[in-house]
Amino acid sequence: MSETVRPTPQPGILDIAPYMPGKSGKPGSNAIKLSANESPLGASPKAIAAFAAAAEKLEIYPEGTSRLLREALGEVHGVNPDSIVCGNGSDDLLHLLAQVYLGEGDEAVMNRYGFSVYPIITRATGAQIIMVDERDYCADVDALLAAVTPRTKVVWLANPNNPTGTYLNADEVARLHAGLRPDILLVIDSAYAEYVTAADYSVGLDLVGAHQNVVMVRTFSKMGLAAARIGWMVGPDHVVDAINRIRGPFNVNLPAQLAGAAATRDVAFTQALCDFNARWRDWLTAELHSNAMRVIPSQANFVMVLFDTPEIAAAAFKTLVEAGYIVREIGASYGIANGLRISIGPEAAMQGVAKVLKAFGGAQ
Ligand SMILES: *Cc1c(COP(=O)(O)O)cnc(C)c1O
C-alpha cells in the first residue's frame, strides 16, 4: 500500500540548500586538503593527550556545563566562566542563537559574502535573511545599518570573514553596534581571531562586556581541533541563560571538553600556529598577486584568490586538483564564482600551490 500522507517539514525547510563542506581527496589519495581552513601543524600535543585520557571514562556522562573548559577559557582570555557557553562546534551555538532570537516574520542581516551557515540557521527558524552588499569584499557598516528594519532581530558578522578573509577594525564594529537598536542582537563570530595580526582589530569582548545585545562566538576548529567539535561564546547573562535553557544538556562530549581545556592552556602551540600562519599567509599573498590573480588581503588562515572569470577560476581549480591540491570553490555556496579559497597549509603545499598557480596564470 503506498502511503500518500507523510510527515512534512516546517515551511521553508526544504528551500534551504544544505551546507557544502570543503572537499577532501578520495580515500587513499594523498591529495592535500586546503579547503576547510584546518591546522597545518596538527593539534596541540597536550590536547591530544587529554583527549586520549578521556577514553578511560567513556561510560560516564560528561559534566553538562563544560565547567573545566569554561574555567580554562576564562583564565586564558580574562573572561568570567559564568559568561561562557560551550557548544558542539560553534555551529551548535550559532544554531541556538538563531533559535532563541529569530522566528517567523523576523529578519537577520548579514554581509553578502558572509559565512554560509548564517542563511541556513536563519531560514531554519522561519525568519528571512537579508544579504547586504559589500565594499570590495569587505562588510560595509553603513550598508548593514541601512538594511535594518523594524523586523530585524539579529546581525551576523564574521570578523574576520570567511571566505573573504577581510575584517572590520574595532572602530567600525563599534560603529555598527552603535547604530543598532538595543533589541537587536549583534553576533560577532570571531572564528579566526587567533590569526589576526592587524593592530586595530578587536575580538569583540569589549563590546560584549559593555552592552546587553552583543555576543562573541569562537571555535577551536581552525586551531587544530576541528574533529573534536568545540565552540564557545561569551555573552551577557540574559543571553547565556536563554541559550542554557535549550542547548543539549551534554552538548560537548568529555574528550572534547578535556582536549579544549588543554589546548586553551597550551598557549605556546597556539602561538606557533599563528606565527606559522602569518608567515605563509604573507608569503602566499605576495607570490600569487599578479596580473592574472588578485589576492584579497586576509587576516585569517586562508586567502581568497580572484580570477578574471568564473571559467578561469574553474580551470585553476582543476589544475590544482590534478597537481594534488584541493582548495575551495566559492561559487555555489558564496556566489563568488571567479574565486577560490586556499587554506594556509604545510610549507611544501604552499610552495606547490604557488608554483602551480603561477604557471597557470602565466599560461592564461
Ligand atoms: C569554520 C567557521 C565556523 C564553524 O566552526 P565550528 O566550530 O567548526 O562549527 C564558524 N564561523 C566561521 C566564520 C567559520 O569559518
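Calculation criteria
- Residues numbered from 1 in each chain as written.
- Predicted model: local features only at pLDDT ≥ 70, side-chain atom pairs only at ≥ 80, totals over all residues.
- Heavy atoms only, no water.
- Helix = DSSP H or I, 4+ residues; strand = E, 2+ residues; numbered from the N terminus.
- Rg over C-alpha atoms; globule rule 2.2 N^0.38 Å.
- Buried < 20%, exposed > 50% of the residue type's maximum accessible area, 1.4 Å probe, protein only.
- UniProt positions renumbered as here; feature names shortened; annotations may be inferred.
- Domains from an automatic or database assignment.
- Contact = heavy atoms within 4.5 Å.
- Buried area = accessible area lost by both parts, 1.4 Å probe.
- Salt bridge = Lys/Arg side-chain N within 4 Å of Asp/Glu carboxyl O.
- Nonpolar A, V, L, I, M, F, W, Y, C, P; charged D, E, K, R; others polar.
- Near = heavy atom within 4 Å.
- Polar contact = N/O pair within 3.5 Å; in protein donor to acceptor, adjacent residues only side chain to side chain.
- Areas by Shrake-Rupley, 256 points an atom, 1.4 Å probe, with all protein chains shown as cover.
- Phe/Tyr/Trp six-rings, centres within 6.5 Å; stacked < 30°, edge-to-face > 60°.
- Pairing = 2+ DSSP bridges.
- Axes fitted to C-alpha atoms, helices over the stretch in contact; angles between N-to-C directions.

S.K.: Residues and numbers for the overall build of the protein chain, please.
M.R.: Assigned secondary structure in the protein chain consists of 12 helices and 13 strands. The C-alpha radius of gyration of the protein chain comes to 21 Å, within 12% of the 21 Å expected for a compact globule of 364 residues. The dimensions of the protein chain, computed from C-alpha atoms along their principal axes, are 65 × 55 × 50 Å. Put simply, the protein chain has 364 residues, and 53% of those count as buried.

S.K.: Could you give an account of the UniProt feature "domain: Aminotransferase class I/classII large" (unreviewed entry) in the protein chain, naming the residues involved and the relevant values?
M.R.: The residues that UniProt annotates with the feature "domain: Aminotransferase class I/classII large" (unreviewed entry) are residues 31-355. Secondary structure across residues 31-355 comprises 39% helix and 17% strand; the distance between its end C-alpha atoms is 16 Å.

S.K.: Requested: an account of the domain arrangement of the protein chain, with residues and values cited.
M.R.: In terms of domain boundaries, the protein chain breaks down into domain 1 (13-42 + 268-363) and domain 2 (45-266). Each of domain 1 and domain 2 has a C-alpha centre, and these two points are 24 Å apart. Domain 1 puts 35 residues into the contact, and the matching count from domain 2 is 32 residues. Counting each side, the surface lost to burial between domain 1 and domain 2 is near 2600 Å², with a carbon and sulfur contribution of 63%. The largest share of the area that domain 1 buries against domain 2 comes from Ile16, Gln299 and Tyr334, three residues that together contribute 26% of it. For the interface between domain 1 and domain 2, the tally reads 1 salt bridge. Linking Arg294 and Asp136 is a salt bridge whose minimum nitrogen-to-oxygen distance equals 2.7 Å. Among the secondary structure elements, those contributing two or more residues to the side of domain 1 that touches domain 2 are α10 (267-288), β9 (294-296) and β10 (302-306). Broken down by element, the residue count for the side of domain 1 that touches domain 2 peaks at 8 residues, all from α10. Looking at side-chain class alone, the side of domain 1 that touches domain 2 contains 20 nonpolar, 11 polar and 4 charged residues.

S.K.: So what's going on with the site of the ligand? Which residues, and what values?
M.R.: For the ligand, the set of nearby residues contains 13 residues, the closest of which are Ser90, Asp189, Thr219, Ser221 and Lys222. Between Ser90 and the ligand, the recorded distance is 2.6 Å, taken from a backbone N or O atom to an oxygen atom. A distance of 3.0 Å separates an oxygen atom of the ligand from a polar atom in the backbone of Asp91. In the complex, 94% of the free accessible area of the ligand, which totals 390 Å², lies under the protein chains. Across the shell around the ligand, the residue classes tally to 4 nonpolar, 5 polar and 4 charged.

S.K.: Tell me what's going on with unusual backbone geometry, and back it up with residues and numbers.
M.R.: Pro160 follows Asn159 through a cis peptide bond whose omega is -5°. Topologically, Pro160 is positioned in the loop between β5 (152-158) and α6 (170-178). Cis geometry is adopted by the peptide bond preceding Pro163, which originates at Asn162 and carries an omega value of 20°. Looking at where Pro163 falls in the secondary structure, it is placed in the loop between β5 and α6. The phi angle at Asp136 is positive, at roughly 45°, despite the residue not being glycine. Structurally, Asp136 is set in the loop between β4 (128-132) and α5 (141-146).

S.K.: So what about the packing of aromatic side chains? Which residues, and what values?
M.R.: Taken as a whole, this structure holds 10 aromatic pairs when the rule is applied. With a centroid separation of 5.4 Å and 10° between ring planes, the pair formed by Tyr118 and Trp156 is classed as stacked. Linking Tyr118 in helix α4 (residues 117-123) with Trp156 in strand β5, this pair joins segments that are 38 residues apart in sequence. You can call Tyr118 buried: its relative accessible area is 1%. Consider the rings of Phe276 and Trp280, whose centres lie 6.5 Å apart with planes at 40°: the pair is tilted. Residue Phe276 and its partner Trp280 are located together in helix α10, separated by 4 residues, close to a single helical turn. Across this residue pair, the class does not change: Phe276 and Trp280 are buried. Joined through ring pairs, the aromatic side chains of Tyr19, Phe115, Tyr118 and Trp156 make up one cluster.

S.K.: Quick one: what's the story with the sheet that holds strand β8 (residues 231-234), residue by residue and with numbers?
M.R.: As summarised here, the arrangement of the 7 strands in space is β2-β8-β7-β6-β5-β3-β4, forming an open sheet in which the pairing is mixed. The sheet is open, and its two edges are formed by β2 (84-87) and β4, each paired on a single side. With direction set aside, neighbouring strand axes in the sheet form an average angle of 20°. The pairing of β5 with strand β6 (residues 185-189) spans 5 bridges and is parallel. Across the sheet, the residue bridging to Trp156 is Val187, located in β6. Sheet strands in contact with helix α3 (residues 90-101) are β2, β5, β6, β7 (214-219) and β8, and its direction is about 155° off that of β7. With respect to the sheet, helix α8 (residues 237-246) is in contact with β2, β6, β7 and β8, its orientation differing from that of β2 by roughly 30°.

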